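Letter by letter, the chains look like this.
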Amino acid sequence: MSLFESIIKRMIDISISTVALITLIPLFIVIIIAIKLSSKGPIFYLQERLGFRRKIFKIIKFRSMYTDAEKNQPLLATKNDTRITSWGKIMRKYRLDELPQFYNVLIGEMSLIGPRPERDFFAKKIIKKAPHYNLIYKVKPGITSWGMVSFGYAENVEEMIQRLAYDLIYLKNISLWFDFRVFILTIFIILQGRGK
C-alpha cells in the first residue's frame, strides 16, 4: 500500500472499531450474560498471538470453551469439538466470539482486514513446511482475511498452509478496494452462520 492508503486504512480501522465497540454494547451485555449462564469461568479469553513483525500481543475473545480446555499443549478447534460450550457453538457459528477484537484494532495491534494471527506454537510448525509464511508479518493481522472468507477455519497445520495461499494473494494485491471486498464477504458469511 502507498503511505496515503495506509493512513486511510488506519483511519478506517479506528473509526469502525470505535463505532462497533460503542454500538454493540447491548449485544455485548447479552453475550456476557449467556457466557456466565452457560458455564463457569471468565467472560473473556486472552491468548498470545504473533502480530506485525512477529510482535507478540494478546488477542481478546469472548470465551467459547470450558475453562482449562488446553491443559497439555495448544490445540485447534475442530468440528464437534467437545471443549466448546453450548453457547460457544452459537457464538462461533456467527463469529460473535471475535467481536472483542475491535479493541485490538483500536489500539493498533490488529487491523480489520489482514491475515489471521496464529500462536507461535503453530507458526513454527507452518514455517517448517512453508517458510514463505513469514511474509504475513509484513502487515498487521486482521479480524477477518481473504484466507478466512475464501478457505475458512483450519483444523490442522496442512489446512493452515492451504489457507496461506489465499493470504499471499491478499499480500500481492493489497489495497483499500480488496479490504472492502473482504469486509463485505465477511458480513455475508456471518449472516449465513458459516463460522465454526
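As a reminder, the structure under discussion sits directly above these lines.
Residues numbered from 1 in each chain as written. Predicted model: local features only at pLDDT ≥ 70, side-chain atom pairs only at ≥ 80, totals over all residues. Heavy atoms only, no water.

Enquirer: Kindly report on the pattern of salt bridges, identifying the contributing residues and their values.
Expert: Overall, the coordinates contain eight salt bridges when judged by the stated rule. Taking the shortest distance from any N to any O, the salt bridge between Glu98 and Arg116 comes out at 3.2 Å. Here Glu98, found in the loop between helix H3 (86-93) and helix H4 (101-106), pairs with Arg116, found in the loop between strand S3 (111-113) and helix H5 (120-129); they are 18 residues apart in sequence, far enough to count as distant. On the basis of relative accessible area, Glu98 is assigned to the buried category, the value being 7%. It is possible to trace a salt-bridge network through shared partners that takes in Arg54, Asp120 and Lys124. (Salt bridge = Lys/Arg side-chain N within 4 Å of Asp/Glu carboxyl O. Helix = DSSP H or I, 4+ residues; strand = E, 2+ residues; numbered from the N terminus. Buried < 20%, exposed > 50% of the residue type's maximum accessible area, 1.4 Å probe, protein only.)

Enquirer: Could you give an account of the packing of helix H1 (residues 3-23) against helix H2 (residues 25-38), naming the residues involved and the relevant values?
Expert: Running from N to C, H1 and H2 cross one another at 55 degrees; their axes reach a closest spacing of 5 Å. Regarding the angle of H1 to H2, the classification is oblique. For the pair H1 and H2, contact is made by Leu21, Ile22 and Thr23 and by Ile25, Pro26 and Phe28, respectively. (Axes fitted to C-alpha atoms, helices over the stretch in contact; angles between N-to-C directions. Parallel < 35°, antiparallel > 145°, perpendicular 65-115°, else oblique. Contact = heavy atoms within 4.5 Å.)

Enquirer: Which residues make up the packing of aromatic side chains, and what values do they have?
Expert: Inspection of every chain in the model, using the stated rule, returns eight aromatic pairs. Taking 5.1 Å as the distance between ring centres and 90 degrees as the angle between the ring planes, the aromatic pair formed by Phe121 and Phe122 counts as edge-to-face. Look at Phe121 and you get partly exposed, because its relative accessible area is 31%. Between the aromatic rings of Tyr133 and Tyr137, the centroid separation amounts to 5.8 Å while the plane-to-plane angle is 85 degrees, which identifies the pairing as edge-to-face. Taken as a pair, Tyr133 and Tyr137 share a single burial class, namely buried. Taken together, the aromatic side chains of Phe28, Phe44 and Phe62 make up a single cluster linked through ring pairs. (Phe/Tyr/Trp six-rings, centres within 6.5 Å; stacked < 30°, edge-to-face > 60°.)

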